[in-house]
Amino acid sequence: MIKPGHVKSYHIITFGCQMNAHDSEKLAGILQAKGYEATDDADTAGLVVFNTCCIRENAENRALGHLGYLKHIKAHRPGLVVAVGGCMPQMEEGHARLKKSGVVDIFFGTHNLHTFGELLDESLTTGKVDKILAEYDNSPETEVPTVREFAWKSGVNIMYGCNNFCSYCVVPYVRGRERSRKPADIIREVQNLAVDGVTEIMLLGQNVNSYLGTDDGCDSVDFPALLSYIARLKPGLERIRFMTSHPKDLSPELIKAIAEHKNICKHIHLPVQSGSDRVLSNMNRSYTRADYLSLIGDLRRSIQDIAITTDIIVGFPGETDEDFAETLNLCKEARFSGAFTFIYSKRSGTKAAEMPGEVPGEVANARFKVLTDLIHPMFLDYAKTFKGKVVGALAEKLENGIYTGRTESNHPIHFPAKQDGGGLLGKIVAVTVTQAKTFYLTGELVEEITDGN
Ligand code: SAH
Ligand code: SF4
Ligand code: F3S
């Protein structure tokens with residue numbers, strides 16, 4: 001190591017989705033294997049890593065804002081190394097915006113995260129390193145050591161990339177084509193996590209329903225089969241989640257698998273994006289409003305009390321008042337328990353960026369407000385259905401004597417601790433719901449549940 005003043009401590013700042021969050025755990029694994037220690041303090045760390053997202057412009061702006069702050073620190077601390085990876089440098093425009101900041105020592109992308117240790121060594125001896133691979137190079141993405149952020153829960157990649165090319169979305173460009181991991185590798189990882197005391201896993205992919213894994217000499221395994229197999233493993237996982245499901249590939253077999261296994265959480269995140277067939281078609285989503293509503297019907301009929309959450313975009317190019325009204329109507333019919341709502345953000349390089357009919361900012365903002373004014377009270381109504389009931393909550397955080405956990409439906413729930421010194425962290429406990437709010441519940445501890453949810 002040649003860089004003077006460099007200290008072996010790191011701080012990772014993560015933007016974006018679960019995929020990125022899990023990638024950051026891999027970066028932590030790589031760095032700890034090299035003798036680096038984690039620090040919460042970006043101001044004193046020897047290495048600050050940004051794991052970026054470029055799904056919407058504001059995700060990029062937040063990363064750039066943080067980088068601007070580091071510029072001041074770097075002026076006083078020549079030993080500081082700043083690395084930027086993830087999705088943003090993977091796109092030309094994002095890369096150029098980041099470069100302009102002038103503070104970045106190492107650029108890496110989504111396809112060479114596993115070589116970050118080598119890129120760091122190179123930078124420490126030669127200075128600036130800028131390596132973005134256009135394509136996935138068949139390296140073993142999975143063979144990276146990870147350091148979990150939480151002892152009791154973990155993401156597990158089952159596939160990488162996306163083939164869907166929704167017209168607004170950068171993901172297929174920054175993450176490449178779909179690649180499914182081998183079932184045996186996934187199962188080994190899940191088993192190790194269970195033995196290591198993990199309570200909850202989340203199977204990760206941009207479109208988990210199109211998982212199709214093969215092992216040498218065996219038939220291919222689809223997502224419902226993989227999920228059911230994982231649900232039956234011994235020692236078992238108490239909770240299994242998965243993210244994200246694309247409505248076009250949600251099969252009856254998957255619905256059956258969720259219904260059949262107690263340890264598969266009765267919650268599905270099923271992004272609808274719009275309620276207008278015309279907009280859905282321009283978005284290249286490959287389903288209609290009727291298809292989507294019929295799926296919701298199937299899910300509700302087959303899985304008692306399933307919580308359904310979604311993603312919605314307003315202000316897509318060409319969206320008219322009538323299209324938007326269809327989105328509002330769909331929300332009324334679907335009875336979502338929660339939703340992420342977004343104003344369309346134009347991403348250069350995507351098909352939608354070339355589409356006519358840009359919706360003016362004020363119109364998109366106004367629609368956004370109408371949408372949230374409609375759906376927030378609906379979330380509250382949904383949350384109220386839990387009032388007085390006893391729910392299982394995975395205790396995840398203890399602060400000032402209050403635990404925060406997650407219910408099976410994925411609602412955060414706050415409940416006071418009973419002099420247990422944090423002993424319930426990572427456990428699924430029974431909580432009586434006393435209050436319901438739009439985005440969370442509060443309750444009182446009943447007793448520990450030992451048999452899963
Ligand atoms: N693979 C997942 C989600 C990926 S991105 C899926 O297909 O469901 C998460 C969400 O971001 C999307 O569901 C969409 O609602 C939103 N999103 C993606 N690109 C966007 C854009 N250009 N502008 C606004 N929202 C966007
Ligand atoms: Fe993007 Fe569509 Fe792929 Fe989801 S399915 S990651 S929205 S292209
Ligand atoms: Fe963002 Fe990349 Fe995820 S663009 S949403 S971090 S796949």
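Heads up: these notes are all about the structure in this document. Every residue gets a number counted from 1 within its own chain, in the order that chain's sequence is written. Chains and ligands are labelled sequentially in the order written, the chains with letters from A and the ligands with numbers from 1. A pLDDT threshold of at least 70 governs which residues receive local features in this predicted model, and a stricter bar of 80 or more applies before side-chain atom pairs are shown or counted, although totals over entire chains, interfaces and linings include all residues. The basis for every side-chain value is the complete set of heavy atoms in the structure, and neither hydrogens nor water enter the calculation.

### Thoughts on the packing of aromatic side chains
Cut-off, in case you're wondering: Here a pair means two rings of Phe, Tyr or Trp (six-membered ring of Trp) with centres within 6.5 Å. Their orientation is stacked below 30 degrees between planes, edge-to-face above 60, and tilted elsewhere. Note on classification: 1.4 Å probe, protein chains only; a residue is buried when its accessible area is under 20% of the maximum for its type, exposed when over 50%, partly exposed between these limits. The way it works is that DSSP assigns letters per residue, a run of H or I at least four long becomes a helix, a run of E at least two long becomes a strand, and they are numbered from the N terminus.
Considering all chains together, one arrives at twelve aromatic pairs under this definition. The interplanar angle of 80° and the centroid separation of 5.4 Å between the aromatic rings of F165 and Y173 together place this pair among those described as edge-to-face. Residue classification places F165 among the partly exposed residues on the basis of a relative accessible area of 31%. Judged by relative accessible area, which is 33%, Y173 ranks as partly exposed. With a centroid separation of 6.4 Å and 85° between ring planes, the pair formed by Y168 and F316 is classed as edge-to-face. Note that Y168 is positioned in the loop between strand 8 (159–160) and helix 5 (171–175) and F316 in the loop between strand 15 (307–314) and helix 11 (321–334), a separation of 148 residues in sequence.

### What to know about the site of ligand 1
For the record, the criterion: Consider each residue's heavy atoms; a residue with any of them within 4 Å of a molecule or strand counts as near. Each polar contact in these results corresponds to two N or O atoms within 3.5 Å; when the atoms are within protein, one needs to be able to donate a hydrogen and the other to accept it, and residues that are neighboring in sequence are counted only if both atoms are side-chain atoms. Three classes are used: nonpolar for Ala, Val, Leu, Ile, Met, Phe, Trp, Tyr, Cys and Pro, charged for Asp, Glu, Lys and Arg, and polar for all others, with Gly counted as polar.
Taken together, the neighbourhood of ligand 1 is formed by 15 residues, with Q206, P271, Q273, D311 and S345 sitting nearest. One of the side-chain N or O atoms of Q273 is found 2.6 Å from an oxygen atom in ligand 1. Within the side chain of D311, an N or O atom sits 2.6 Å from an oxygen atom of ligand 1. Listed by contribution, the elements that provide at least two residues to the shell around ligand 1 are strand 15 and strand 16 (338–343). Across the shell around ligand 1, the residue classes break down as seven nonpolar, four polar and four charged.

### Concerning the pattern of salt bridges
We count it as follows: Within this document, salt bridges are pairs made up of a side-chain nitrogen of Lys or Arg and a carboxyl oxygen of Asp or Glu, the two lying within 4 Å of each other.
Tallied over the full model, the rule gives 22 salt bridges. D105 is the partner of K3 in a salt bridge, and the nearest nitrogen-oxygen pair spans 4.0 Å. Highlighted residues: K3 in the segment before strand 1 (9–14) and D105 in the loop between helix 3 (92–100) and strand 5 (106–108), separated in sequence by 102 residues. Note that E200 is salt-bridged to R241, the shortest N-O span being 3.0 Å. With E200 in strand 10 (residues 200–204) and R241 in strand 13 (residues 239–243), this pair connects stretches of sequence that are 41 residues apart.

### Some words on the sheet that holds strand 15
Rule in force here: A pair of strands is labelled paired if DSSP reports no fewer than 2 bridges between them. To obtain an axis, a line is fitted to C-alpha atoms, over the contacting stretch when the element is a helix, and the angle between two such axes runs from 0 to 180 degrees between their N-to-C directions.
Strand order in this open sheet of three strands is 14-15-16, and the pairing throughout is parallel. Strands with a single pairing partner mark the edges of an open sheet, and in this sheet they are strand 14 (267–269) and strand 16. This sheet shows a mean twist of 10° between the axes of neighbouring strands, independent of strand direction. Sheet topology places strand 15 next to strand 16; six bridges connect them, and they run parallel. Note on strand 16: the bridge partner recorded for I313 is F342.

### Quick word on empty space enclosed by the protein
Convention followed: The way it works is a 1 Å grid over only the protein atoms, where trapped points that fit a 1.4 Å probe form a cavity and open points with protein on both sides within 12 Å along at least five of seven lines form a pocket, and then any residue with an atom within 4 Å of a point lines it. Grid points are joined across faces, edges and corners, and a volume is the space filled by probe spheres set on the points.
Summed over the entire model, instances satisfying the criterion amount to three cavities of 30 Å³ or more. Its boundaries defined by the atoms lining it, the second largest cavity holds a volume of some 50 Å³. The set of elements that each furnish at least two residues to the lining of the second largest cavity consists of strand 13 and strand 14. If one sorts the elements of the lining of the second largest cavity by residue count, strand 13 sits on top with three residues. Looking at the lining of the second largest cavity residue by residue, the class counts come to three nonpolar, two polar and one charged.

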